[in-house]
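An overview of the molecular structure
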Amino acid sequence: MGDGESRPLVARRLRDGQWQGVDTVAAVLLALVFGVSEARSGGWGAGAVAALVWLPVAVRRRWPVRVLYTVLAGAVFAMAFTGWEESWVPVGVALYTVAAREPRRRSATALGCSLGAVAAAMALVPRPVPASGVAGGVVFASLMMTLPWVVGTALKEQRSYAGLAARQAVTDERLRIARELHDVVAHHLTVIAVRAEVARAVASTNPREAERTLELVGTAGRTALTEMRRMLGVLRSPGDGAEWGAVPGLADLPALADGAGPRVELSVDPDPPLSPGVELAVYRIVQEALTNVVRHAGSADCWVNLSRTGPEAVEIEVVNDAPSRLPSRRPGGGHGLIGMRERAAMCGGTLSAGPLATGGFRVHARLPCGSETAR
């Protein structure tokens, strides 16, 4: 097995190996059945030819095209020299395999060659039947060979769509992990950078404040490492990436508010509880909003309010009292706001953000309380 072989190819070869014995047994049994049947009506020579036509079917999965043309040549020979009318049956089996495994153009060419060869053999070989009977036999044989080809083609398309869906699921999961990593890194590194500057500025004049600020820096760093290890562990796990471990939720909001840096007043109404997906979205929206406060509003006071608006929706409001002269107050600007809107949209909710007339900035989101509508 080469290093460059993909996992789907290796898995396919393993499946083929498992089915190889089944194909071999089936080919031998069919060769015996058709060989004995043809021997009774046309002699042992005809029976031997019928049996030999079936035997290549044993390796149809390994060499689909070669097996088809081998079987086709044997079937034409059997029709021409022994009069075996049912020689199109093994051709149909080989056509199914070609259609299920080979590209569309190659399988269509194989179908055309098979139909032409069998029709010519049945029509040109003299038979003691009227022309209408020969024509009917040609049409029937053509239909019986086309049907397996259609079934094989449909199966190949179904597998192709399933593969596309699986790859899309992997892409969506990677995007979700990337979004989680962005939120974790952006929040905690912003807190670390801003708090480190504050500690440096007050180190000589207020050692106690500098010590408290450095504690916040250490807590933010450890939390970031823990969350990043958790998410990167999902990427290294052999499973499907669905096990995320301890996902942040409403219970983690107080620690998030304490570690953000500015003075944060938190009000949470968790009853009745939210679904895990909505809790994660709430946590990440509040986290990104606090990141923006730390980045753009310095030590401004901040209020976070989470409240229920009826049995089916929850509202999130994050407001700070920074002066209106601070930069980055363009409604809708920045990747952080885009990420928050995406979070809300994933749950079927909405989010708005913009400066207040009295100064400061407000982020408001409304999310449904139930399960996520999309992922």
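Notes on the structure in this doc start here. Note that the structure is a prediction, hence the values are computed from the model and not measured.

Glancing now at the pattern of salt bridges. Per the counting criterion, the structure on display carries four salt bridges. Between Arg106 and Glu102 there is a salt bridge, with the nearest N and O atoms lying 2.8 Å from each other. For Arg106, a relative accessible area of 46% gives the class partly exposed. Arg362 serves as the salt-bridge partner of Glu317, at 2.6 Å between the closest nitrogen and oxygen. On the criterion of sequence distance, the pair formed by Glu317 in strand β3 (residues 313-320) and Arg362 in strand β5 (residues 361-368) is long-range, its members being 45 residues apart. With a relative accessible area of 29%, Arg362 lands in the partly exposed category.

One open sheet holds the five strands; their spatial order is β1-β2-β3-β5-β4, and the pairing between them is mixed. At either margin of the open sheet sits one strand with a lone partner, and together these are β1 (264-268) and β4 (350-355). In this sheet, adjacent strand axes meet at a mean angle of 10° when their direction is disregarded. Summarising the sheet, strand β2 (residues 302-308) and β3 pair through seven bridges and their orientation is antiparallel. Looking across to β3, one finds that Ser307 is bridged to Glu315.

All right, on to the nonpolar core then. Grouped together as the largest cluster of nonpolar side chains are 32 residues, with contacts concentrated most on Leu68, Val91, Leu95 and Val118. Secondary-structure elements contributing two or more residues to this core are α1 (7-42), α2 (44-54), α3 (64-81), α4 (88-101), α5 (104-124) and α6 (131-202). Sorting elements by how many residues they give to this core places α3 first, with seven residues. Ignoring sequence-local partners within four residues, the contact set of Leu68 consists of Val91, Ala94, Leu95, Val98, Ala110 and Ser114. Grouped together as the second largest cluster of nonpolar side chains are 30 residues, Ala289, Val314, Ala353 and Ala365 included.

Rules and cut-offs
Residues numbered from 1 in each chain as written. Predicted model: local features only at pLDDT ≥ 70, side-chain atom pairs only at ≥ 80, totals over all residues. Heavy atoms only, no water. Salt bridge = Lys/Arg side-chain N within 4 Å of Asp/Glu carboxyl O. Buried < 20%, exposed > 50% of the residue type's maximum accessible area, 1.4 Å probe, protein only. Helix = DSSP H or I, 4+ residues; strand = E, 2+ residues; numbered from the N terminus. Pairing = 2+ DSSP bridges. Axes fitted to C-alpha atoms, helices over the stretch in contact; angles between N-to-C directions. Core = buried A, V, L, I, M, F, W, Y, C linked by side-chain atoms within 4.5 Å. Contact = heavy atoms within 4.5 Å.

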